[in-house]
Amino acid sequence: MLENKLTRRDFIKSSGGAVIIGTLATSSVAISMLAPSNTWALELSKLDENTGKMILHVTRHIFPHKTLDDAVYALVVKDLDAAASADESVYKLLQNGITELNNSAGGDWMVLDTNKQFSLVEAMAGSDFFEKIRSTSIVSLYNNDMAWAHFGYEGPAWSKGGYINRGFQDLDWLPEPPDAASPLKA
Amino acid sequence: MANYKMNDNDVVVIIGSGAGGGTLANELCQQGVGVVLLEAGKRQSTKSFVNNEWESFGQLAWLEPRTTSGSWRVAKDFSGLPAWICKTVGGSTVHWAGASLRLQEHEFHTKTEYGDIDGANLLDWPISLKDLEPYYARAEDKMGVTRTNDIPGLPGNNNFKVMYAGATKLGYKHCHTGRMAINSRPRDGRASCLQLGFCFQGCKTGAKWSTLYTEIPEAEATGKLDLRPESYVLQIQHDKSGKVNGVLYADANGEQHLQKARAVCVAGNSIETPRLLLNSASSMYADGMANSSGQVGQNYMRHMTGSVYATFDKPVSMWRGTTMAGIISDESVHDTKRGFAGGYEMETVSLGLPFMAAFLDPGAWGSKFTEAMDNYRNMAGMWLVGEDLPQESNAVTLHSEQKDQHGMPVPDVHFDDHPNDIAMREHAYQQGSAVYDAVGANKTYRVPPYPSTHNLGTCRMSKYAKDGVCNKYGQTHDIKNLFISDGSQFTTSAAENPTLTIVSLAIRQAEYIAKQLSSKAI
Ligand SMILES: Cc1cc2nc3c(=O)[nH]c(=O)nc-3n(C[C@H](O)[C@H](O)[C@H](O)COP(=O)(O)OP(=O)(O)OC[C@H]3O[C@@H](n4cnc5c(N)ncnc54)[C@H](O)[C@@H]3O)c2cc1C
Ligand code: SF4
């Protein structure tokens, strides 16, 4: 079920158009259990490949989770690509931002070392371009099955019968509260 | 279910089906009164609720345009979303967490107890705890509040274990799993809590009380209720004598209808209720309906709030289990030695990963933020909720230009923290952090207020007509067949979560209205 959803929604197969392709890092154990294969591909409908890749890296600088896989950051690119398709002004905003970033890098921001890359992104904080990526990420980055697996959040509970028999009281590194404060479960 | 005609002027029209409106509707129907219940939102069910924060938010939240102003942080972080409340049958009782506390005696008399405080528009309630006690008892029974009526408390989850251990280390004496309108045992035809942890998203087991599946079906069973979902009220109308006689509303297709009424009860929550009265201005009521005091929309209160989250070496998994079943109430007293008037409660809270990202530090980015998120699994959290002081300038007003899709001016919500709120928040942040530090927190996070979940005071009750909008039964001072039936009535906010009091006031008001109707006083 989950695998199919991911195959369809997140690991879109190429059928023309620009594509970003990546490989899951070997450390992304939790995510690899969800993914149908180790390689993933994101088809872009509006942005070109280079812009897509740059946005992915800019997003990594804004939200630097060291061990979170690129496959999750790619979901931000996917949502920005969709927004750019739907609204020309978003497309221009992103395109202009990327151009500005490259200009400030003296040509190609992607070839700079990480610290230099970061300081140029930081200099754009507060700009519409930066805010568009930041505010999209705050939802897209954390609202998907792969991120939940990575951060340990368990997502929907109803289909699994809640936590009444699945560890809502399993914390064992502090003393148990007395029954008067926390009655036994029915 | 009844089906009243538009020109039936014998019905009581209630606007809004949440804690206030939904309860009032049932209580009136039980006494044989015919009710038309107009609700702007759609009707969902325990089946249609979803265990997904953003998806559920889209399904249930009130997302009509609103603006904000003032120096409160919400105006910066969520400029178009001053309040986090519902537009759905059942209102915000679909979202709510279930914490059900009585107000304390002194909180009914803050002007007397606290004295004059600069900038605060304090006023004593025209009722005391004694007046409300019998209604609190009925509300607790109706809602199945734990630790009342021999209903056992809920079992504490991991988040509670952390709170309890820290609280006892600090020497706090009043910490337990709360008084919650959530079944710890099957009761009233509803199941017991399965510890899903999605209390804010609509409770799929129905263990948590909501008017959607308690009051409203009970009212329907009497044959006296005509519930009309997707009916957005635009205006209340009146006759030549000044009495209200009907309400204008738009249906799902945007078509407008005029429902005649013998009496009108407004329960749209504390932003929409005053907005509606202001939008109902006429040549007779130039400043808006029931507004001879000028207080409609003023004294908007949203509680002193904030949250503390803390990270530990080991997992907490705070999202597992009931969202808010945990409370420390030692700080809810009035003790000015702490540097502020009034008190606050500390209650467990948890957010799923998606909402944690949105609310931890709105606007934040960078490694400090990602480090906190990286420790999500090891996080515990509490919500701080305390009394905030009424100020005339904190107000819901009509926006001078912006209109909604029906052409009605949208509400602007203006709020500045009172110095008392700021001092209390600082104290609460310190104590909240101390609770977690006492059990070895690595880091504590002071999380700013969410969009307001508690909205109060914008049509406050008062003894004298010059001081407020309605009397001690919620009947407006100016128009005797117009009632305020939600949290807008609150004269002051008190420290406690407001819903139990809203429900108690609605039960009391229903008795009063039924008597007024039968004696032909209205
Ligand atoms: C996430 C969350 C958690 C909460 N937890 C707690 C808690 O633990 N304890 C507690 O005491 N309280 C809690 N609350 C607050 C509680 O939900 C509210 O206090 C309570 O529901 C308010 O009741 P009300 O009748 O004033 O308004 P609501 O319950 O909000 O109902 C108002 C209804 O009126 C409708 N309406 C508004 N305008 C119009 C119009 N023009 N025409 C037609 N219909 C209209 C709305 O759609 C809505 O359905 C929480 C709230 C939230 C959002
Ligand atoms: S934790 Fe309990 S009250 Fe909350 S949603 Fe689940 S079953 Fe309902």
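Keep in mind it's a predicted model, so treat the numbers as computed, not measured.

**Observations concerning the overall build of chain A**
Line of reasoning, step 1. Looking only at helices and strands, chain A has eight helices and two strands in total.
Line of reasoning, step 2. The linear arrangement of helices and strands in chain A, starting from the amino end, is α-β-α-β-α-α-α-α-α-α.
Line of reasoning, step 3. For a compact globule of 186 residues, the expected C-alpha radius of gyration is about 16 Å, and chain A comes in at 20 Å, more than 25% above that figure.
Line of reasoning, step 4. Across its three principal axes, chain A shows a C-alpha extent of roughly 65 × 35 × 35 Å.
Line of reasoning, step 5. Each of the 186 residues in chain A was classed as buried or not, and the buried ones make up 45%.
Line of reasoning, step 6. Contacts in chain A between residues at least 24 apart in sequence constitute 67% of all its contacts with a sequence separation of at least 6.
Line of reasoning, step 7. Accessible area for chain A stands at about 8,900 Å²; split by element, carbon and sulfur atoms hold 53% of it.

**Topic: the confidence of the model for chain B**
Line of reasoning, step 1. Looking at chain B, pLDDT values average 97 and 100% of them are 70 or higher.
Line of reasoning, step 2. We note a pTM of 0.96 for the whole complex and an ipTM of 0.92 for its interfaces.

**Focus: the side chain of K161(B)**
Line of reasoning, step 1. Tracing the backbone shows K161(B) in helix α6 (residues 158–170).
Line of reasoning, step 2. The class for K161(B) is buried, based on a relative accessible area of 2%.
Line of reasoning, step 3. Looking at K161(B), its side chain comes within polar contact range of the side chain of E176(A), at 2.8 Å.

**Some remarks on the pattern of salt bridges**
Residue and element names in this part refer to chain B.
Line of reasoning, step 1. Across all of its chains, the model carries 30 salt bridges over all chains by this definition.
Line of reasoning, step 2. Ionic pairing is found between R338 and E331, a salt bridge with its closest N-O pair at 2.8 Å.
Line of reasoning, step 3. One network of salt bridges, with partners in common, ties together E27, R138, K142, E215 and E511.

**Observations regarding the pairing of strand β2 (residues 35–38) of chain B**
Residues and elements named next belong to chain B.
Line of reasoning, step 1. On β2, burial covers both faces: V35 and L37 on one face and V36 and L38 on the other are all buried.
Line of reasoning, step 2. Pairing of strand β1 (residues 12–15) with β2, which is carried by four bridges, proceeds in the parallel orientation. Paired with I14 across the bridge in β2 is L37.
Line of reasoning, step 3. Running through helix α1 (residues 19–30), the crossover from β1 to the neighbouring parallel element β2 is right-handed.
Line of reasoning, step 4. In terms of strand pairing, β2 meets strand β5 (residues 225–228) through four bridges, oriented parallel. Each residue of the ladder has a partner; that of V36, found in β5, is D226.

**Notes on the sheet that holds strand β7 (residues 244–250) of chain B**
All names here are of chain B.
Line of reasoning, step 1. Taken in spatial order, the three strands make up an open sheet running β6-β7-β8, and their pairing is antiparallel. Of all the strands in the sheet, just β6 (232–238) and β8 (256–260) have a single pairing partner and so form its edges. Here the strands of the sheet are splayed against their neighbours by 25° on average, with no regard to which way each runs.
Line of reasoning, step 2. In this structure, β7 lies alongside β8, joined through five bridges in antiparallel fashion. If you follow V247 over to β8, its bridge partner there is Q259.

**Side note on the nonpolar core**
Line of reasoning, step 1. In this structure, Y142(A), V162(B), Y309(B), F312(B) and Y436(B) are the most contacted members of the largest nonpolar core, which totals 164 residues.
Line of reasoning, step 2. At nine residues, helix α4 (residues 70–86) of chain A tops the list of elements feeding residues into this core.
Line of reasoning, step 3. Setting aside chain neighbours within four positions, we find Y309(B) in contact with M318(B), V349(B), L351(B), M356(B), M379(B), A380(B), G381(B), K443(B), T444(B), Y445(B), V447(B) and Y450(B).

**Details of the site of ligand 2**
Line of reasoning, step 1. Close contacts around ligand 2 come from I182(B), C193(B), L194(B), Q195(B), L196(B), G197(B), F198(B), C199(B), C203(B), T205(B), K208(B) and T322(B), and that covers them all.
Line of reasoning, step 2. Looking at side-chain class alone, the shell around ligand 2 contains seven nonpolar, four polar and one charged residues.

**Quick notes on the confidence of the model for chain A**
Residues and elements named next belong to chain A.
Line of reasoning, step 1. Averaged over every residue, the pLDDT of chain A is 89; the share at 70 or more is 91%.
Line of reasoning, step 2. When pLDDT is averaged over each element of chain A, helix α6 (residues 114–123) comes out on top at 98 and helix α1 (residues 2–9) at the bottom at 39.
Line of reasoning, step 3. Contacts for the low-pLDDT stretch residues 1–15, under 50 throughout, to residues beyond four places or in other chains number 31 contacts.

**A short note on the layout of surface pockets**
Line of reasoning, step 1. For the second largest pocket, the calculated volume is near 360 Å³.
Line of reasoning, step 2. Around the second largest pocket, the lining is made up of 19 residues, and of these I138(A), D77(B), F78(B), A358(B) and P362(B) lie nearest the centre.
Line of reasoning, step 3. For the lining of the second largest pocket, the leading source of residues is helix α7 (residues 128–140) of chain A, giving five residues.
Line of reasoning, step 4. Tallied by class, the residues present in the lining of the second largest pocket amount to 13 nonpolar, two polar and four charged.

**Overview of the packing of aromatic side chains**
Between two aromatic rings, the relevant description is the distance of the centres plus the angle of the planes.
All names here are of chain B.
Line of reasoning, step 1. Applying the stated rule across the entire model yields 32 aromatic pairs over all chains.
Line of reasoning, step 2. With 5.9 Å between their ring centres and 80° between their planes, W96 and W209 make a pair best called edge-to-face. One end of the pair, W96, is in the loop between α3 (73–77) and α4 (110–114); the other, W209, is in the loop between β4 (175–176) and α7 (215–221), with 113 residues separating them in the sequence. This pair shows no difference in class: W96 is buried, exactly as W209 is.
Line of reasoning, step 3. When the ring of W319 is compared with that of Y376, the centres are 5.3 Å apart and the planes differ by 10°; the resulting orientation is stacked. Of the two residues, W319 sits in the loop between β10 (304–311) and β11 (327–328) while Y376 sits in the loop between α10 (367–374) and β13 (379–386), which places them 57 residues apart along the sequence.

**Here's the deal with the site of ligand 1**
All names here are of chain B.
Line of reasoning, step 1. Near ligand 1 you find 39 residues, and of these E39, W84, S92, N269 and T499 are the closest.
Line of reasoning, step 2. T88 places a main-chain nitrogen or oxygen 3.1 Å from an oxygen atom of ligand 1.
Line of reasoning, step 3. The separation between a nitrogen atom of ligand 1 and a polar side-chain atom of T499 is 2.8 Å.
Line of reasoning, step 4. When ligand 1 is considered free in solution it has 1,000 Å² of accessible area, and contact with the protein chains removes 98% of it.
Line of reasoning, step 5. Counting residues per element, the ones that place at least two in the shell around ligand 1 are α1, β6, α8 (269–279) and α12 (499–518).
Line of reasoning, step 6. Looking at the shell around ligand 1, its residues break down into 17 nonpolar, 18 polar and four charged.

**As for the interface of chain A and chain B**
Line of reasoning, step 1. With 46 residues of chain A in contact, the opposing surface of chain B contributes 52 residues.
Line of reasoning, step 2. Each partner contributes to the roughly 4,100 Å² buried at the junction of chain A and chain B, and carbon and sulfur atoms together form 67% of this total.
Line of reasoning, step 3. Among the residues of chain A in contact with chain B, Y153(A), W158(A) and W173(A) are the three that bury the most area, contributing 18% of the side total.
Line of reasoning, step 4. Here R320(B) makes a salt bridge to D170(A), at a shortest N to O gap of 2.8 Å.
Line of reasoning, step 5. Applying the counting criterion to the chain A and chain B interface returns 25 residue pairs in polar contact (both at pLDDT 80 or more).
Line of reasoning, step 6. Elements that contribute at least two residues to the side of chain A that touches chain B include exactly α6, α7 and α8 (145–151) of chain A.

Each value, and the rule that gives it
- Residues numbered from 1 in each chain as written.
- Chains lettered and ligands numbered in written order.
- Predicted model: local features only at pLDDT ≥ 70, side-chain atom pairs only at ≥ 80, totals over all residues.
- Heavy atoms only, no water.
- Helix = DSSP H or I, 4+ residues; strand = E, 2+ residues; numbered from the N terminus.
- Rg over C-alpha atoms; globule rule 2.2 N^0.38 Å.
- Buried < 20%, exposed > 50% of the residue type's maximum accessible area, 1.4 Å probe, protein only.
- Contact = heavy atoms within 4.5 Å.
- Areas by Shrake-Rupley, 256 points an atom, 1.4 Å probe, with all protein chains shown as cover.
- pLDDT = per-residue confidence, 0-100.
- Polar contact = N/O pair within 3.5 Å; in protein donor to acceptor, adjacent residues only side chain to side chain.
- Salt bridge = Lys/Arg side-chain N within 4 Å of Asp/Glu carboxyl O.
- Pairing = 2+ DSSP bridges.
- Right-handed = clockwise from strand over helix to strand, strands pointing away.
- Axes fitted to C-alpha atoms, helices over the stretch in contact; angles between N-to-C directions.
- Core = buried A, V, L, I, M, F, W, Y, C linked by side-chain atoms within 4.5 Å.
- Near = heavy atom within 4 Å.
- Nonpolar A, V, L, I, M, F, W, Y, C, P; charged D, E, K, R; others polar.
- 1 Å grid on protein atoms, 1.4 Å probe; cavity = no way out; pocket = protein on both sides within 12 Å on 5 of 7 lines; lining within 4 Å.
- Points joined across faces, edges and corners; volume = space filled by probe spheres on them.
- Phe/Tyr/Trp six-rings, centres within 6.5 Å; stacked < 30°, edge-to-face > 60°.
- Buried area = accessible area lost by both parts, 1.4 Å probe.

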